[in-house]
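Residue-level listing of the chains:
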Amino acid sequence: MDLRERHALLQSAGLEVLENSHAILRTTPEQGWKSVVNMEVSPSARIPEDAEDSLRQADRECEHWARLHDMFAQDGSFLIKRQS
């Protein structure tokens with residue numbers, strides 16, 4: 001899949017692809033993903049999958065840790081930004 005196809009796929013999922021995200025984020029996308037996707041990373045939170053609001057809990061935890069590690073730019077964008 002080439003870059004154009006990836007952009008189309010993300011846009012079809014309701015996401016906006018930022019062309020110069022590294023210029024507005026304090027962390028590059030590569031640094032951000034490496035901080036959470038690697039063999040030595042341990043969970044920051046554990047949420048039972050059978051909890052009634054497990055998805056909401058997971059979303060809150062994700063946002064908490066992203067804010068704690070400056071993963072949001074001043075305009076609110078995050079590695080991938082939701083379209084309004």
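The structure we're discussing is the one just above.
Summarised in this report is the structure supplied together with it.

Rules and cut-offs
Residues numbered from 1 in each chain as written. Predicted model: local features only at pLDDT ≥ 70, side-chain atom pairs only at ≥ 80, totals over all residues. Heavy atoms only, no water. Helix = DSSP H or I, 4+ residues; strand = E, 2+ residues; numbered from the N terminus. Buried < 20%, exposed > 50% of the residue type's maximum accessible area, 1.4 Å probe, protein only. Contact = heavy atoms within 4.5 Å. Salt bridge = Lys/Arg side-chain N within 4 Å of Asp/Glu carboxyl O.

1. As for the overall build of the protein
And step 1. Counting secondary structure elements, the protein contains four helices and two strands.
And step 2. Helices and strands in the protein line up, N terminus first, as α-β-α-α-α-β.
And step 3. Taking all 84 residues of the protein together, 15% fall into the buried category.
And step 4. For the protein, the proportion of contacts with a sequence separation of at least 24, taken over those separated by at least 6, is 52%.

2. Here's the deal with the pattern of salt bridges
And step 1. A complete count under the given rule lists three salt bridges for this structure.
And step 2. Residues D2 and R4 are paired through a salt bridge, measuring 4.0 Å at the closest nitrogen-oxygen approach.
And step 3. We classify D2 as partly exposed; its relative accessible area is 36%.
And step 4. For E63, the salt bridge goes to R67, with nearest N and O atoms at 3.0 Å.

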